[in-house]
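Analysis of the macromolecular model
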Amino acid sequence: MTRMSTTKSIGLDLGDRKSQFAVLPPISEGGEIIERGRCATTRRGFRKVFEGRPATRVVLEVGTHSPWVSRLLKELGHEVIVANPRKVRLISANDSKDDDVDAELLARLGRADPKLLCPIHHRGEDAQADLALIRSRSELVDARVMLINHVRGAVKSFGERLPTCSTDAFAAKMEPLIPDGLRPALSSVLVCIAQLTTEIKKATKKIETEISERYPDVEVLRQVEGVGPITAIAYILTLEDPTRFKKSRKAGAYLGLRPAKKKSGKKDPELRITKAGNTYLRRLLVNCAHYILGPFGKDSDLRNWGLHLASRGKKNAKKRAVVATARKLAVLLHRLWTTGEEYQAIGYRSSTAATTG
């Protein structure tokens, strides 16, 4: 492998239409920028600039374009580092933020020590496409909820109240109950809700059949009561490689479900969770935790542990219990994924300890 410390380092500030880059020489040749330039943020534009160059370390920030750009640059033979600006305040809090400045800063940080950038790992193109379908379904569900709430609120303002109903059947069952004065305003909204329901069902069927078949490990994760196909697939697609964590407990921290730390001297305050990592998957795991701890959750060690935690306080204790259960669930799913073992809702921890011990 080429020693990148003896080659050039390129900082790349991605823009929606144009991207700025700055090139630094090897450390042994000094620290002045030897080349600056711009290129179109397109595959053709990047190939024109980076194809044919010697293997170089290219540093860019995470963003909308960073997944495909990083894959393309790797195909062209470069070492690509995708910086996490949330971890590097030198980037996010720069008071002289400018495309040229950002590109140069990324190049200097990448040349000094890549670990300073807390580099992230982008998923593959196929995984990104499959996850996009799951996210699209989620957006459709959110849009339907917003429209249903609009209909209920409008009817309530007329002095009426619509009965409870499943979201799938809402448009058909509520249509005859709409007050006559609101029909001109809400009829088109009900049509949209019905169309959204149809599209959500199509997306759900595709996820549960076509996508699930491509990821057989989904069934391993679904052994846990409360974890459905969408959560299991999203978990696999987000982490993508189970071996990226040496210990399963790292999965909870990766998804932002561990408390933040701000320890200094004797002070060690209790802080909220970091909320780092994938927001969508974290929300799915929290929803699973709500189900596990809710009235329909089946008896399990995880449920009993969460309920015990919730009983040690009032309202805030219940909220903490849900988050803590979601964190434990993230760890459990990673454990099942890496081992492929059979899950036992009761006594799983003791049986695992006996096996590993």
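This text follows the structure it describes.
This one's a predicted model, so the numbers in the text were calculated from it and none came from an experiment. (Residues numbered from 1 in each chain as written. Predicted model: local features only at pLDDT ≥ 70, side-chain atom pairs only at ≥ 80, totals over all residues. Heavy atoms only, no water.)

1. Comments concerning the overall build of the protein
Using the following cut-off: We count a stretch as a helix when DSSP gives it H or I for four or more residues in a row; a strand needs E for two or more, and each element gets its number in order from the N terminus. Burial here depends on accessible area, computed with a 1.4 Å probe over protein chains only, as a share of the maximum for the residue type. Under 20% is buried, over 50% is exposed, and the range in between is partly exposed. All accessible-area figures derive from a Shrake-Rupley calculation using a 1.4 Å probe, and residue coverage is judged against the displayed protein chains alone. Under the counting rule used here, the positive set is Lys and Arg, the negative set is Asp and Glu, and His together with the chain ends is not counted. Positions of charges follow a simple convention, taking NZ of Lys, CZ of Arg, CG of Asp or CD of Glu.
Along the protein, the regular secondary structure elements total 14 helices and five strands. Seen along its three principal axes, the alpha-carbon backbone of the protein occupies a region of about 75 × 65 × 45 Å. Residues classed as buried in the protein amount to 42% of the 357 residues present. Surface summary for the protein: the accessible area is close to 20,600 Å², and the carbon and sulfur share equals 52%. The distance from the centre of the 63 positive side-chain charges to the centre of the 40 negative ones in the protein is 7 Å.

2. Examining the environment of T164
Inspection of the secondary structure assignment puts T164 in the loop between α5 (125-156) and α6 (170-174). Put simply, T164 and M174 are ten residues apart on the chain and 9.6 Å apart in space, counted from C-alpha to C-alpha.

3. Quick word on the pairing of strand β2 (residues 18-24)
This is how it is decided: In this analysis, strands are considered paired if DSSP registers two or more bridges between them.
The buried count for β2 comes to six of seven residues, which makes it a mostly enclosed element. With five bridges joining them, strand β1 (residues 9-13) and β2 adopt antiparallel strand pairing. Bridge pairing links G11 to A22 in β2. Here β1 hands over to β2 after four residues, the two strands then running antiparallel side by side. Sheet analysis places β2 next to strand β3 (residues 35-40), joined by six bridges and oriented antiparallel. Paired with K18 across the two strands is A40, which belongs to β3.

4. Comments concerning the layout of surface pockets
Rules: The way it works is a 1 Å grid over only the protein atoms, where trapped points that fit a 1.4 Å probe form a cavity and open points with protein on both sides within 12 Å along at least five of seven lines form a pocket, and then any residue with an atom within 4 Å of a point lines it. Grid points are joined across faces, edges and corners, and a volume is the space filled by probe spheres set on the points.
Volume-wise, the largest pocket comes out at about 1,300 Å³. Forming the walls of the largest pocket are 29 residues, and the residues nearest its centre are N84, I120, Y254, G277 and N278. For the lining of the largest pocket, the elements supplying multiple residues, two or more each, are α5 and α10 (250-254). Ranked by residue count, the leading element in the lining of the largest pocket is α5, at four residues.

5. Some details on the environment of T325
Mapped onto the elements, T325 comes out in helix α13 (residues 315-339). Note: C-alpha distance between T325 and H290 (35 residues apart in sequence) is 8.7 Å.

6. Description of helix α4 (residues 99-112)
To keep it simple, the criterion reads: By definition here, a helix of n residues has an expected span of 1.5 Å times n minus one.
Taking 1.5 Å as the rise per residue, α4 with 14 residues should run 20 Å; its terminal C-alpha atoms sit 20 Å apart, in good agreement. Of the residues making up α4, those classed as buried are D102, A103, L105, L106, A107, L109, G110 and R111.

7. Digging into the pairing of β1
With five of its five residues buried, β1 lies for the most part within the structure. Every second residue of β1 is oriented toward a common face, with S9, G11 and D13 on one face and I10 and L12 on the other, all of them buried. Sheet topology note: the β1/strand β4 (residues 57-61) ladder contains four bridges and is parallel. Bridging from a neighbouring strand, I10 pairs with V58 of β4.

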